[in-house]
Structure formats: structure tokens, C-alpha cells
Amino acid sequence: SVVDRLPEIQYLDGPIKQEVATVFAEAVPEYFWLARASESHHPPDERGLAGLWLHTKRVFTAYMMLERTYRSMGLLGPYQAKCCRAAVLLHDGFKYGLNHSEQDETAHEYADGRLSHLPEHTDRSHDVLMADYLDESTALPLEVVSAVRSHGGSPDWYSHSGPKPVQPHEMIVHLADV
């Protein structure tokens, strides 16, 4: 089950927990569990088989450490913290786009043949793709959507399509992902 793969979902509750589990079960492409986090800018083990999954778990761990500080500073309340936990889990769910089961001659074989083709580079708009999906297809709060949308920073900062994080709940998700 999704919770077996991502027990971090248990740190959520109520409708947010159910929505996150449903997104992973029904919308996040199967490549998420096999693909690398990136071609070059993540640690070596995150650039290998299941690296994206591992990266997501590490970002969640980093977020949990930052959450204590943000809460102590009065920058996050319990509700915002829960929204950020959801955003951290979902932030890279469409890292290589919505679906990459089709053959692509510009891609290369990967994951010991278990993932036939994967683009050489991640989708620069994956932050916006996931945020748009969450906004249009789920009942997740706008705080989750905006944190996912801005998690990668602006095009001025990095090569992401989303806006720069401004609010504390957006900035903490971005910082956990750095």
C-alpha cells in the first residue's frame, strides 16, 4: 500500500491524509517509485534506482526538523504544519511529467529495464503540473497547493516554472527540498 511505501503519511490526519494517499494511489505515475531524483544535482544514491522515492523521504525528514523551529518562531501553526507535511510528500510526484510510459527516442534506458525510458532531465514545470492537479482534482487546501507550486523557487533562482516562495509555509517546503 501507499502507506507501507510512505509511512510518513501517518503524520497527517483527517481529509488531508486521505487526499494525499489517494493522489499517490491514483495520480502519481508508477515511475515515482523507480526513477532517480535528477540526473546530476542530488546525492549519488538519489540519482539511482528509487532515488526520487528516497529523496521525498529525506525532504520529509528535513522538513520535520525545520517544522519545530518554524513553530517555535511562531511562523507555523498546527494547521499550516499539516499542510506543509502534505506538500513535502507530494512536491515531486510529477517530477518527470504526468506519464512517461510512451517510447521516446531522446530518452535512455534506466532502472535495470524496469522503467523502459525516462527523459534525461526532469520536467521543469513539475511544480506547476502537480499544483494544478491538486488545485483542480483534489480537496487539498490552498496552503498545500501554493507550497507545492513554489517548492522549487522561481525561474530566477533555479530552473523551475513556479513562483518563488513568499509565505512561511511556502519557504519551509522550499528549504526542506534544497
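Just above, that's the structure.
Residues numbered from 1 in each chain as written. Predicted model: local features only at pLDDT ≥ 70, side-chain atom pairs only at ≥ 80, totals over all residues. Heavy atoms only, no water.

Engineer: Can you break down the overall build of the protein residue by residue, with the values?
Structural biologist: Helices and strands together make up the secondary structure of the protein, namely seven helices and two strands. For the protein, buried positions account for 48% of its 178 residues. As displayed, the protein has an accessible area near 8,600 Å², and 52% of this comes from carbon and sulfur atoms. (Helix = DSSP H or I, 4+ residues; strand = E, 2+ residues; numbered from the N terminus. Buried < 20%, exposed > 50% of the residue type's maximum accessible area, 1.4 Å probe, protein only. Areas by Shrake-Rupley, 256 points an atom, 1.4 Å probe, with all protein chains shown as cover.)

Engineer: Quick rundown of the packing of aromatic side chains? Include the residues and the values.
Structural biologist: Considering all chains together, one arrives at seven aromatic pairs under this definition. Residues F24 and W33 carry aromatic rings whose centres are separated by 5.9 Å and whose planes lie at 45° to one another, so their mutual orientation is tilted. There is no split in this pair, since F24 and W33 are both buried. Seen in terms of ring centroids, W33 and W53 are 5.0 Å apart; in terms of plane orientation they differ by 85°. Their pairing is edge-to-face. (Phe/Tyr/Trp six-rings, centres within 6.5 Å; stacked < 30°, edge-to-face > 60°.)

Engineer: Which residues make up helix α6 (residues 142-149), and what values do they have?
Structural biologist: Along α6, the residues that are buried comprise V144, V145, S146, A147 and V148. In this structure, the buried side of α6 is in contact with α4 (78-90), α5 (126-137) and α7 (168-177). (Contact = heavy atoms within 4.5 Å.)

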